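Residues per chain, in single letters:
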Amino acid sequence: MQVFKYDTRANVNYMVEVFAVASGKGGTGKTTSTLALGMALATEYDVTVIDTDTGMANMLFHTGLSDSETTLHEVLAGQAAVEDAIYERFGMDVIPCGTSLAGFREADPRRLREVVATVAEGTDVILLDSAATLGTRSAVLPIVLADRVVIVLQPTVPSISDGLKVQEYAKTYGTDVAGILFNRVTEDENIDTVARKAQRYFDGETLSKVPESETVRAARRASKPLLAHAAESEAAGAYREAAGKLTVRDADSTAVADRFRNAVIPDES
Ligand SMILES: Nc1ncnc2c1ncn2[C@@H]1O[C@H](COP(=O)(O)OP(=O)(O)OP(=O)(O)O)[C@@H](O)[C@H]1O
Ligand SMILES: [Mg+2]
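Predicted model, so just to flag it, every value in this text is computed and none were measured.

Draft legend 1. Focus on the site of ligand 1. Close to ligand 1 lie 21 residues; Gly26, Gly29, Lys30, Thr31 and Thr32 are nearest. Sorting the residues of the shell around ligand 1 by element identifies α2 (30-41), β7 (176-185) and α10 (214-221) as the ones contributing at least two each.

Right under this line is the structure:
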């Protein structure tokens, strides 16, 4: 099932804000968080989530889209139009990415600008699920392109330290911090103290503290976002709380699209 709704709205300016969901290390819960925040925001906004982790994509496994033929890989390779990679799932528009090495090799990350610019013209909120490392062009691009970044942290010193690097990087490119989101919080951690201390170093507020929970893993095994699998769970509630703090800013979507088309891409580092 594919939707293409831009024609009907092309002449009207809407608000749109682009968030990157990022962290320093892998496995902090970026993909889980992108989809949970996306579903929570979708009750109020028109939301598009994009898997920009083109080297290690896994959003497709969280959304039941592992068989989709056209993904961001084909779009970034210049072989498909953006509209063909948009799937309507769980009340959102989902742009998954393929998992093959060949697909990754053929994908030109620079085309992501055009993808986001096109999507920006027909949606209110774009969430870019980002890759873990800041070392490659495809990994940094979402942070460069976004208006604001949601930094996902585990409540450990290394994770917080990595998160600070993400913040530093984001600021270099004029991307604000929307907030920090603690995930995989266990009861034996003194999360309130950790969060209070971490808060001193981050620009954005603490959006939420999501517990480590078997329900989150079960959602992934069921190929569903957490809010679709267990809407009433404590973790789902924590994500709704986070989404409630993400006030979407009012930016002219045409201006945002132009900004993306003209964005300067940093050199491979
Ligand atoms: N709060 C949580 N409780 C328990 N398991 C979790 C939680 N959040 C995420 N997970 C599990 O941890 C694993 C990694 O989560 P996810 O894929 O969202 O992280 P990621 O940051 O996107 O990883 P990557 O860096 O590999 O892209 C998944 O199996 C997921 O189900
Ligand atoms: Mg991920």
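Here the narrative resumes.
Draft legend 2. Representation of α2 in the model. Compared with an ideal rise of 1.5 Å per residue, which puts 12 residues at 16 Å, α2 spans 16 Å between its outermost C-alpha atoms and is within 8% of the ideal. In terms of burial, α2 is largely enclosed, as 12 of its 12 residues are buried. Listed in full, the buried residues belonging to α2 are Lys30, Thr31, Thr32, Ser33, Thr34, Leu35, Ala36, Leu37, Gly38, Met39, Ala40 and Leu41.

Draft legend 3. Fine view of the packing of helix α6 (residues 112-120) against helix α13 (residues 253-261). Look at α6 against α13: their axes get within 8 Å of each other, and the N-to-C directions meet at 175°. By the angle class used here, α6 and α13 are roughly antiparallel. Judged by residue contacts, Arg113, Glu114, Val116, Ala117 and Ala120 of α6 engage Ser253, Val256, Ala257, Phe260 and Arg261 from α13. Of the residues that constitute the contact of α6 with α13, the class distribution is 6 nonpolar, 1 polar and 3 charged.

Draft legend 4. Here's a closer look at the confidence of the model for the chain. Looking at the chain, pLDDT values average 90 and 93% of them are 70 or higher. Low confidence marks residues 1-12, where pLDDT is under 50. Its contacts with residues over four positions away, or in another chain, come to 16 contacts.

Draft legend 5. Examining the sheet that holds strand β4 (residues 92-95) more closely. The sheet built from 8 strands is open, its strands ordered β3-β4-β2-β5-β1-β6-β7-β8 with mixed pairing. Sheet topology places β3 (87-89) and β8 (205-211) at the edges, where each strand pairs with a single neighbour. Averaged over all pairs of adjacent strands, the angle between their axes in this sheet comes to 25°, without regard to strand direction. Sheet topology places strand β6 (residues 148-153) next to β7; 6 bridges connect them, and they run parallel. Residue Leu153 lies in a different strand from β7, and its bridge partner there is Phe182. Its contacts with the sheet put helix α8 (residues 157-172) on β1 (17-22), β6 and β7, and the angle it makes with β6 is roughly 170°.

Parameters at a glance
What you see as residue numbers is a count from 1 along each chain, following the sequence as written. Chain letters and ligand numbers both follow the written order, the letters beginning at A and the numbers at 1. A pLDDT threshold of at least 70 governs which residues receive local features in this predicted model, and a stricter bar of 80 or more applies before side-chain atom pairs are shown or counted, although totals over entire chains, interfaces and linings include all residues. Residues are counted as near a molecule or strand when the C-beta atom, derived from backbone positions, lies within 6 Å of that molecule or strand. Helix and strand definitions here come from DSSP, where helices need a minimum of 4 consecutive H or I residues and strands a minimum of 2 consecutive E residues; each element is numbered from the N-terminal end. Expected span of a helix: the number of residues minus one, times 1.5 Å. Exposed residues have 12 or fewer other C-beta atoms within 10 Å of their own C-beta, buried residues have 20 or more, and partly exposed residues fall in between, where C-beta atoms are placed from the backbone. Axis definition: a line fitted to C-alpha atoms, over the contacting stretch in the case of helices. Angles run 0 to 180 degrees between N-to-C directions. Between 65 and 115 degrees an angle is taken as roughly perpendicular, under 35 as roughly parallel, over 145 as roughly antiparallel, and anywhere else as oblique. Residue pairs are scored as contacts if the distance between their C-beta atoms, which are placed from the backbone, is within 7 Å. Under the convention adopted here, Pro, Cys and the residues Ala, Val, Leu, Ile, Met, Phe, Trp and Tyr are nonpolar, Asp, Glu, Lys and Arg are charged, and Gly plus all remaining residues are polar. Summary of the metric used: pLDDT quantifies the predictor's per-residue confidence within the range 0 to 100. When DSSP finds two or more bridges between two strands, those strands count as paired.

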